[in-house]
Each structure stands twice: as C-alpha cells, then as structure tokens.
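Residues per chain are reported as follows:
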Amino acid sequence: MKVIDHITKAKKSLFSFEILPPLRGHDIKDIFSTLDPLMEFNPPFIDVTYHREEFFYIKKDNGLLQRKKISRRPGTVGICAAIMNKYGIDAVPHLICGGFNKQMTENALIDLNFLGIDNVLVLRGDTIKYENNFLSPKDEHKYALELVEQIQDLNRGKYLDKTFVERKKYPLFNFCIGVAGYPEKHFEAPNIEKDLFFLKKKVEAGANYIVTQMFFDNKKFFNFVKKCRSEGISIPIIPGIKPISSKKQLNSLPSRFYLNIPNELVKEIEKEKNKKMVSQIGIEWAIHQSKELKNSGVKVIHYYTMDRPENIYKVIKAIY
Ligand code: FAD
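Residues numbered from 1 in each chain as written. Predicted model: local features only at pLDDT ≥ 70, side-chain atom pairs only at ≥ 80, totals over all residues. Heavy atoms only, no water.

Participant: Where do I start with the nonpolar core in this structure?
Facilitator: A general feature of soluble globular proteins is that nonpolar side chains tend to end up buried together. Among the nonpolar cores identified, the biggest contains 65 residues, and I19, L35, I83, V122, I151 and Y303 are the most heavily contacted of them. Looking at which element gives the most residues to this core, the answer is helix α5 (residues 144–155), with 6 residues. Beyond its immediate sequence surroundings of up to four residues, V122 is in contact with L95, A144, L147, V148, I151, I177, G178, V179 and A180. Residues V92, F100, V266 and I269 belong to the second largest nonpolar core, which totals 33 residues. (Core = buried A, V, L, I, M, F, W, Y, C linked by side-chain atoms within 4.5 Å. Buried < 20%, exposed > 50% of the residue type's maximum accessible area, 1.4 Å probe, protein only. Helix = DSSP H or I, 4+ residues; strand = E, 2+ residues; numbered from the N terminus. Contact = heavy atoms within 4.5 Å.)

In structure tokens form, the structure reads like this:
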C-alpha cells in the first residue's frame, strides 16, 4: 500500500521509522533484530536510507596515493524486499541523485517495480566526504526535483529512450513519492522563503508527501507547516523526531544537520554525568514532543533510529 494511502486512511495517529543498512560485512539478521521488537506496534511503513559510495585513499608501495571507492552501507533495495517479505510491511527505499545517472535511476525503478515496491523517498543525497559542495556530472540529477520529475515520467510510461522499450503498451509505474522538508531551512538555501519555493516545485512535480528533517522544538515544525500552507503546499507533512542519545550529539547533530537544540534540553543534558541518564533525557524530550504533535492532529510521526532502535522503542511504547 502507498504511504499516502496509509496517511489518508489513518483513523488514529501513526508512526514510521527509518533504519540504516548495516555496515558492509554485516548480516540481514542485524536488521531483523532491530526491527523485531518494533513490530509489536504494527508500523504501517519503514524507510531504509541510501548511502552513496565513499572515496578513500590508500598509499601504494611507490608512495603514491590510490583513490578507492566503496559503498560502506550497501543493500537498501534488498533490505526493503526482505522487510516486505518477512513482515508484510511496506518498505520505503530512499532514492538519491548522487552517484546515479539517469539510466541507472531508471533501472533502479524497474527493479523496485519488479519487487512490488511502489513507495520511494526522493532526495538529492548528501555531499561526498571531502567535497564541499554537491557536485553532479552532466548525466546526473542536480536536485531532488529532477528525480521527482523522472519518476513521474515513468509513472506516465515515459522511459528515457522509447526505442529500447520493446512493448507497445508501456507498463505504467505508480510510485508514491515522498520528499524532504526542512523546518529550520536547508543549509544551502539563502532563506526559508527560497527553500519553500523549491519545496513547492517538488510538490508541483508530483510529490505526495513531505518528511521533515529532525527538529527539537515543535514550534519550528508548527511554523514550517503554517508557512507551507500559506505558500499553497497542501500535501501531508510528516514530522521527523530523534531522541538525543549522547552528550556528543549536542554538537554533532547541529553540525551535521544544521539545526538548533533548545537551551533547556542542552542544559539538562550538560549537567547529567551518567550516560544512561543522558539517553533517558533524550527519550523523555522525544516523548514530550511526540505527545504534543499527536495532540495537534499530526497523522504520522517519523522516527530517526540512527542505529539506536531501543530508544525509539521506548518513545513509541509511551505514545502508541
Ligand atoms: P533538494 O530538494 O534538491 O534541495 C537541495 C538544496 O537546493 C536546497 O537548499 C534547495 O532550496 C535548493 N534547490 C532545490 N531545487 C533547486 C533548483 N531547482 N535550483 C536551485 N536550488 C534548488 N541523504 C542521503 O544521502 N541518503 C538518505 O537516505 C537521506 N535520507 C534523508 C531523509 C530525510 C527525511 C531528510 C530530511 C534528509 C535525508 N538525507 C539523505 C539528506 C539529504 O540528502 C540532504 O539534506 C541534501 O543536502 C538535500 O536533499 P533534498 O532532497 O532536500 O535536496
């Protein structure tokens, strides 16, 4: 079932969460042991992130450096298929622009269609380590908007090159498309208005719903929704929540995701000496945020597990 149908048919507030593919060399059992405890709550859908290849350098015998490319977290599509097969729950693979030319994207969508996966979360993708800006070669998409357009073309039966489509009647795909939104604005956007201008373009191109970047102050989310609505963006907006789990994250989350953490939460965490209690503070904050969002009528809350499913379990147990 499509995410948008889960949302529109929901009689009560739902939740979803996203998991990361395990590091190269790990097992699908790692995914199942993350998911098994969360199945108690019947999640309607689960997202699986996509991580593009990384470059690293090794020193050769002659002293020169050799550049190597590796996917440290491969397996997104396979994991989605395994989730759907084992749990009968809809899986949402993240699809990114970075590292995919248009033909590779079309092939990936054909694979997803064969696997019965008709949901995707469409993103530009993170910048490669060691690169300051997101660079896209000529035959790759530069913005998520272009990827939404390519998927919608396929939904209408428009392949990249019809010469090679050996059927008179093209199979119509029917992907439900989610896109990202940023309550505290995307870090590259000059201001929130410009960011919303491009968010609206993704919606006009056919996005069905928005999932937000994590935030720790619900006011930011409520303002964002208000601004979206006044700009004419009317599709569902799913808030993204993450419980802070360590002191280190007080700095790492803002530097990685360009967000603010309210002073009250910062102070509470800073004065705590016990690591477990820091995690507990993060869980309680996320519970408080979730309760307020749920009471405000939000239909789905999306949780970022970031390899800490046990914390998400505690939050969901308290809310759902
Ligand atoms: P875009 O919508 O393309 O926007 C990027 C920037 O360009 C914005 O500043 C926007 O205002 C601007 N812009 C957009 N369109 C145009 C245009 N036509 N002309 C000029 N400027 C424009 N990253 C991963 O690598 N893998 C993942 O699995 C992943 N999952 C994520 C899930 C969620 C819910 C979120 C919020 C983020 C996720 N990310 C992931 C991170 C994401 O890839 C980065 O935040 C990336 O920097 C931007 O992605 P986007 O899709 O929002 O980009």
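Structure's up, so let's keep going.
Participant: Teacher, can you tell me more about unusual backbone geometry here?
Facilitator: The phi angle at K185 is positive, at roughly 70 degrees, despite the residue not being glycine. The residue K185 is located in the loop between β7 (176–181) and α6 (192–204) in this model. For K185, a relative accessible area of 23% puts it in the partly exposed group. Positive phi, normally seen in glycine, also occurs at Y258, with a value near 55 degrees. With respect to the helices and strands, Y258 occurs in the loop between α8 (249–257) and α9 (263–270). Accessibility expressed as a relative area gives 42% for Y258, which makes it partly exposed.

Participant: What exactly am I supposed to notice about the site of the ligand here?
Facilitator: Looking at the ligand, there are 23 residues lining it, with Y50, H94, Y182, D195 and K202 nearest. At 2.8 Å from an oxygen atom of the ligand is found a side-chain nitrogen or oxygen belonging to H94. Take D126: an N or O atom from its main chain is 3.0 Å from an oxygen atom of the ligand. Sorting the residues of the shell around the ligand by element identifies β5 (90–96), β6 (119–123), α6 and β8 (209–214) as the ones contributing at least two each. Looking at which element gives the most residues to the shell around the ligand, the answer is α6, with 3 residues. For the shell around the ligand, the residue count by class is 13 nonpolar, 5 polar and 5 charged. (Near = heavy atom within 4 Å. Polar contact = N/O pair within 3.5 Å; in protein donor to acceptor, adjacent residues only side chain to side chain. Nonpolar A, V, L, I, M, F, W, Y, C, P; charged D, E, K, R; others polar.)

Participant: Before we go on, may I ask you to explain the pattern of salt bridges in this structure?
Facilitator: Two side chains bearing opposite charge may form a pair once their charged atoms approach each other closely. What the rule picks out here adds up to 9 salt bridges. Its salt-bridge partner being E53, residue K69 comes within 3.6 Å of it at the nearest N-O pair. One end of the pair, K69, is in strand β4 (residues 65–70); the other, E53, is in the loop between β2 (45–48) and β3 (54–59), with 16 residues separating them in the sequence. Residue R308 is joined to E310 by a salt bridge in which the shortest nitrogen-to-oxygen separation is 2.8 Å. The partly exposed category is assigned to R308, whose relative accessible area is 30%. Within this structure, D153, R156 and K158 form a network of salt bridges that share partners. (Salt bridge = Lys/Arg side-chain N within 4 Å of Asp/Glu carboxyl O.)

Participant: Would you mind going over the sheet that holds strand β9 (residues 237–241) with me for this structure?
Facilitator: Sheet strands line up and pair through hydrogen bonds in the backbone, either parallel or antiparallel. Pairing within the closed barrel is parallel, and its 8 strands lie in the order β1-β2-β5-β6-β7-β8-β9-β10. Neighbour to neighbour, the strand axes of the sheet diverge by 30 degrees on average, direction disregarded. Taken together, the 4 bridges between β2 and β5 define a ladder with parallel strand orientation. Following the sheet pairing, I46 is matched in β5 by A91. This element, α5, spans β5, β6 and β7 of the sheet and lies at about 150 degrees to β6. Along the sheet, helix α10 (residues 275–295) makes contact with β9 and β10 (300–304), crossing β9 at roughly 165 degrees. (Pairing = 2+ DSSP bridges. Axes fitted to C-alpha atoms, helices over the stretch in contact; angles between N-to-C directions.)

Participant: What exactly am I supposed to notice about the packing of α10 against helix α11 (residues 309–319) here?
Facilitator: Helix-helix packing is characterised by the crossing angle of the two axes and by the distance between the axes. Running from amino to carboxyl end, α10 crosses α11 at an angle of 40 degrees, the nearest separation of the two axes being 9 Å. Here α11 runs oblique to α10, going by the angle between their axes. Crossing of α10 over α11 shows right-handed handedness. Residues S279, I283, A286, I287, S290, K291 and K294 of α10 form the contact with α11, whose participating residues are N311, K314, V315, A318 and I319. Partitioned by chemical class, the residues of the contact of α10 with α11 number 6 nonpolar, 3 polar and 3 charged. (Parallel < 35°, antiparallel > 145°, perpendicular 65-115°, else oblique. Left-handed = near helix turned anticlockwise from the far one by under 90°.)

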